[in-house]
Structure formats: C-alpha cells, structure tokens
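Take a look at the letters that make up each chain.
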Amino acid sequence: MKRAFTVIALLGALGGFAHSATAQDSSKWSFYFEAGPKISDFRTTSYGGSYFPTAQPAFPETDRRVTVRNTFSGFMNVKGFRPLSEHLLLSGTVGLDMQHLNYRTGYTQTGSNGIVTAFGNDHISRLLTRARADFGLHYAVRVGQSGRLLPGVSIGQMVNLSKDGYSYTFIQPGLYFTTDRLLLGATVSDTPYNVLIPGASHFEGDLNGRYSYDAEYRIREFQLSVGAKF
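This text gives an overview of the structure that appears in the document. (Residues numbered from 1 in each chain as written. Predicted model: local features only at pLDDT ≥ 70, side-chain atom pairs only at ≥ 80, totals over all residues. Heavy atoms only, no water.)

Within the largest apolar cluster, 22 residues are counted, with the highest numbers of intra-cluster contacts made by Tyr166 and Ile197. A total of five residues in this core trace back to one element, the largest contributor, which is strand E13 (residues 210-229). When sequence neighbours within four positions are dropped, the list of residues in contact with Tyr166 reads Phe42, Gln99, Leu128, Arg130, Asn160, Val195, Leu196, Ile197, Pro198 and Ile219. In this structure, Tyr32, Phe81, Leu89 and Tyr176 belong to the second largest nonpolar core, which totals seven residues. (Core = buried A, V, L, I, M, F, W, Y, C linked by side-chain atoms within 4.5 Å. Buried < 20%, exposed > 50% of the residue type's maximum accessible area, 1.4 Å probe, protein only. Helix = DSSP H or I, 4+ residues; strand = E, 2+ residues; numbered from the N terminus. Contact = heavy atoms within 4.5 Å.)

The next point concerns the pairing of E13. Examined bridge by bridge, strand E1 (residues 30-51) and E13 share 17 bridges and lie antiparallel to one another. Across the sheet, Gly48 pairs through a bridge with Asp214, a residue of E13. Of the strand pairs in this sheet, strand E11 (residues 182-190) and E13 are connected by nine bridges, and their pairing is antiparallel. Bridge assignment links Asp190 to a residue of E13, and that residue is Arg220. Where strand E12 (residues 202-206) lies against E13, five bridges are found, and the strand directions are antiparallel. (Pairing = 2+ DSSP bridges.)

Turning to the environment of Pro60, a few remarks are in order. Relative to the elements of secondary structure, Pro60 occurs in the loop between E1 and helix H2 (61-64). Along the primary structure Pro60 and Leu207 are separated by 147 residues, whereas in three dimensions their C-alpha atoms are 9.7 Å apart.

Residue position: Thr187 is located in strand E11. Of the polar contacts made by the side chain of Thr187, one reaches the side chain of Gln223; its length is 2.7 Å. If we skip the residues at most four places from it in the chain, Thr187 touches Gln172, Pro173, Gly174, Tyr176, Glu221, Phe222 and Gln223. (Polar contact = N/O pair within 3.5 Å; in protein donor to acceptor, adjacent residues only side chain to side chain.)

Glancing now at the side chain of Thr191. Positionally, Thr191 belongs in the loop between E11 and E12. With relative accessibility at 2%, the residue Thr191 sits in the buried group. A polar contact is formed between the side chain of Thr191 and the backbone nitrogen of Ile219, at a distance of 3.1 Å. Sequence-distant contacts of Thr191, that is, excluding residues within four places in its chain, are made with Tyr168, Thr169, Arg218 and Ile219.

Let us now look at unusual backbone geometry. Look at the link from Gln56 to Pro57: it is a cis peptide, with omega at 5°. Structurally, the position occupied by Pro57 is in the loop between E1 and H2. Although it is not a glycine, Asp164 sits at a positive phi angle of roughly 60°.

With that settled, the discussion passes to the packing of aromatic side chains. Taken as a whole and judged by the stated rule, the model has nine aromatic pairs. Here the aromatic rings of Phe203 and Tyr211 are separated by 6.2 Å at their centres, their planes lie at 50°, and the arrangement is tilted. No difference in accessibility class separates Phe203 from Tyr211, as the two residues are buried. Ring pairing ties together the aromatic residues Trp29, Phe31 and Phe230, which thus form one cluster. (Phe/Tyr/Trp six-rings, centres within 6.5 Å; stacked < 30°, edge-to-face > 60°.)

Structure representation (structure tokens):
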C-alpha cells in the first residue's frame, strides 16, 4: 500500500509539474524522457562489532566482514528544464531507479559432527527498485543553433519500493547537453551521510564464538543517459 501511494504521489507530482509549466508558459519548460546505465560504488566508511572466541583458532576480521560489491544497473526518468534567466536554468526530475545490491556475508559455523566443523557464508544478490525525485540549478552555455551545455548540481531523494530496500538523500553534480530533440547526460551522485543497508549493515555469526559485524556505507553512482524531447 505504501509503495503504491509513493508511485501515485510521484505520478501526481509529474502531472502537476507539467500542468504548471503549460499554464504559465508552454515555451519555457522543456521535458525529456531519459534512460541509461549506471555503476553503483559502495564504500565502507564505518565498521565495528564484537567477537568473543571460546576456542582456538580465533578467526581474523576479514572472515567476519560483510563485503559489498560494486554493480551495474539502470534508470529511467522524466526530466524538465525551465529558464530562470539568460544563463540559469531550474531542473526537476521524477522517475524509477534500479540498484543491484550484491554482497557476501561473513563466515559462520554451519554444522559439526564433533570431529569436523563446517563453516560457510551467504552470497546475496537483489535488484532494488526506488522512486526518485530531484531539483537542481544549471548554467547554460549555447552550442550552435539549438544546443546547450548545462553543467549543474541537483539534490534529491531515493524512495524505497522494494522489500528489504532502503531510502536516502543524494547530491548529484553533472553535465547535460540538450538540443530541440535530444538530451545527453553524465552525472555522479553521492550520499552526503552514511547509509545503513539492510542485511549488509549488520550480521551475526559463530566462528568458535559468537560475533557481530556492523557497517555504514557511502554510495556513489556514475550515470550516463540519453533522452528524447516530448
């Protein structure tokens, strides 16, 4: 129910966005549908935990650590630009964002027959769906008859739509090139604070004694897009 409400709210915001643009001055807003690939870079910025070995050997921290891998995925958005002055533009974006979450848990005891003890870990791979919305400011540089280079920065929010997913705020500098029909984009987004990832931020296991592992992450995403005006 919460996910459906989020999608409906975003579609409503997009409809209101377009209606406002038409009501004020249809020539001032330019809307593009854009889509493309991205790379998600997960950086462990804080980690810790506890370990109380009750027998030898005591296992090193590398065997208890959760490892999150960098991944490829994609996105699709509706993006609009509106001039505020000769060189300054306001942008707004709503869309759907996919993120491939891929991580390996720490090792834990899986069985023992009194002589031989077995240890193992889990490899988790999930495709997360999020709704996204952002607003930004861009400086316009004319290129030819209808082209514009638009360096700028946006701030936005990812809203989780998946089970065991997560939401976060992001800051996104980038460069767009637009014409009367085409949009090309290259952006890099980053979280301005540490993020907790369900499953990867907390793990408990047993390696000759109970242990826990806790971590926080920063998420940086490199995105390329191509779009068409509508």
